[in-house]
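Structural overview for review
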Amino acid sequence: MPSSSKKIKKSTKSEPRVLRLGTRASALALTQSRGIAKLLEKRNPGLRVELIEIATTGDKNRVNALKSFGGAGVFVKELELALIEKRVDFAVHSLKDVPTKQPRGLILGAIVGREDPRDVAITRGNVKLAKLPAGSVIGSGSERRRAQLVLRYPHLKFADIRGNVETRIRKVTEGEYAGTILARAGLKRLGLLTSKMETIPLADVLPAPGQGALGIECRTGDAVTRKILSSIHDAAVALSVNAERDLLSLLGGGCNLPLGTLGTVSSKTIKLESFLGLPDGSQWVAVKRELPLKKGPAGKSAQTVARQVRAAMMKLDGREILKRIMDDAAQP
């Protein structure tokens, strides 16, 4: 009897491409990273994104003020090291935490759509900042926020506060602080934003450079990952936040520089509103410039408006403010 055999059918279904996403382990970071993973998988059929949690210096030290242990990059350095060592393929950051200069071999492969960049005040009993009793202590480690809020609310006092979003809110509800200031974008992404919270007008407080946007970092030479990330890149948002980050770079400051700035782009113009001041409110400058969008590389328009804002600041008290900030940072 002839032997029978079965033909083995070859699978025509290819294995999914897997990219490893490096992320901080905080609730906000994970929420943001999961959103990016979902968006990438939707835009790139056959792609699977795996999240790799990595603790950063800023996560490990939740007691000391950020500027006391090298504030710039404390929430991204370990993620960048994981990229360089090829333990992950890309990393998702809150763009406001990303220094303006990437380490050699790394690049921002995409900048993703921006949430409302304004700040929000959270107080016990949902009392407005203007109605809080004189001497009420607001927990905020941001010198940018302090420098602007002290001008609008001179009856308030400010003190450093550390911890994630949930921890800071808990410190307010438990009475350790009368209130705290947080980014509206983070609260919304976490589902914690309520109508009773006070959204602070941009006329009172301008955001940090890049606030509300997400920056996705990858290796410069990884062409495959860069192409995948380009599928979610938002060019209009990138243009506006690049103007903000160009200004920060021109001023020679890191993430702790008390600079508030907001770029806005229309079909014909780019505008940059900016504030630079001392945390005690004793000296400050505010400058706004609007220019027609130039033909050619979009980045040129961002650089030009940033240079004009810096030049205007230097003609006012900007140079003296920067000197005082540097002298204070040099103190032991």
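Residues numbered from 1 in each chain as written. Predicted model: local features only at pLDDT ≥ 70, side-chain atom pairs only at ≥ 80, totals over all residues. Heavy atoms only, no water.

Applying the stated criterion across every chain yields a total of one aromatic pair. Seen from their ring centres, Phe275 and Trp284 are 5.9 Å apart, and the 20° between their planes marks the pair as stacked. Given the relative accessible area of 5%, Phe275 is considered buried. (Phe/Tyr/Trp six-rings, centres within 6.5 Å; stacked < 30°, edge-to-face > 60°. Buried < 20%, exposed > 50% of the residue type's maximum accessible area, 1.4 Å probe, protein only.)

On to the nonpolar core, then. Counting residues in each nonpolar core, the largest one holds 24 residues, and the members touching the most others are Leu251, Leu257, Leu259, Leu276 and Met313. Of all the secondary-structure elements, those providing two or more residues to this core are helix H8 (235-250), strand E12 (269-277), strand E13 (284-292), helix H9 (298-315) and helix H10 (318-330). Here this core takes seven residues from H9, the largest share from any one element. (Core = buried A, V, L, I, M, F, W, Y, C linked by side-chain atoms within 4.5 Å. Helix = DSSP H or I, 4+ residues; strand = E, 2+ residues; numbered from the N terminus.)

Here the protein shows a mean pLDDT of 90. Residues at 70 or above account for 90%. The low-confidence segment residues 1-12 (pLDDT under 50) makes zero contacts with residues lying over four places distant or belonging to another chain. (pLDDT = per-residue confidence, 0-100. Contact = heavy atoms within 4.5 Å.)

For the rest of this paragraph, the subject is unusual backbone geometry. Here Lys86, not a glycine, exhibits a phi torsion of approximately 65°, which is positive. Structurally, the position occupied by Lys86 is in the loop between helix H3 (77-84) and strand E3 (90-94). Note on Lys86: relative accessible area 55%, which makes it exposed. Notably, Asn126 is not glycine yet its phi reads approximately 55°, a positive angle. Assignment of secondary structure puts Asn126 in the loop between strand E5 (119-123) and strand E6 (137-139). On the basis of relative accessible area, Asn126 is assigned to the partly exposed category, the value being 36%.

A separate point is the sheet that holds strand E9 (residues 198-199). Reading across from one edge, E7-E6-E8-E5-E9 is the order of the five strands in this open sheet, with mixed pairing throughout. Taken across any chain shown, the strands that pair with only one partner, and hence form the sheet edges, are strand E7 (157-159) and E9. Looking at chain direction, E6 and E7 are connected through three bridges and run parallel. Note that in E7 the partner of Gly139 across the bridge is Ala159. Of the strands in this sheet, E5 and strand E8 (179-183) touch helix H5 (residues 165-173), which is tilted by about 160° from E8. (Pairing = 2+ DSSP bridges. Axes fitted to C-alpha atoms, helices over the stretch in contact; angles between N-to-C directions.)

The next thing to look at is the sheet that holds E12. Read across the sheet, three strands follow the order E11-E12-E13 without closing on themselves; strand pairing throughout is antiparallel. Bordering the open sheet on either side are strand E11 (259-265) and E13, each of which pairs with just one other strand. Put simply, the sheet's adjacent strands are angled 5° from each other on average, direction ignored. Bridge analysis of E11 against E12 gives seven bridges, and the strand direction is antiparallel. Residue pairing in the sheet places Gly263 in a bridge with Leu272 of E12. Helix-sheet contacts for helix H4 (residues 143-152) involve E11, E12 and E13, and the interaxial angle to E12 is about 80°.

Burial of E5 is extensive: five of the five residues sit out of reach of the surface. The alternating pattern of E5 places Asp119, Ala121 and Thr123 on one face and Val120 and Ile122 on the opposite face, and all of these are buried. Of the strand pairs in this sheet, E5 and E8 are connected by five bridges, and their pairing is antiparallel. Its bridge partner being in E8, Ile122 is matched across the sheet by Thr180. Looking at chain direction, E5 and E9 are connected through two bridges and run antiparallel. Bridging across to E9, Val120 finds its partner in Thr199.

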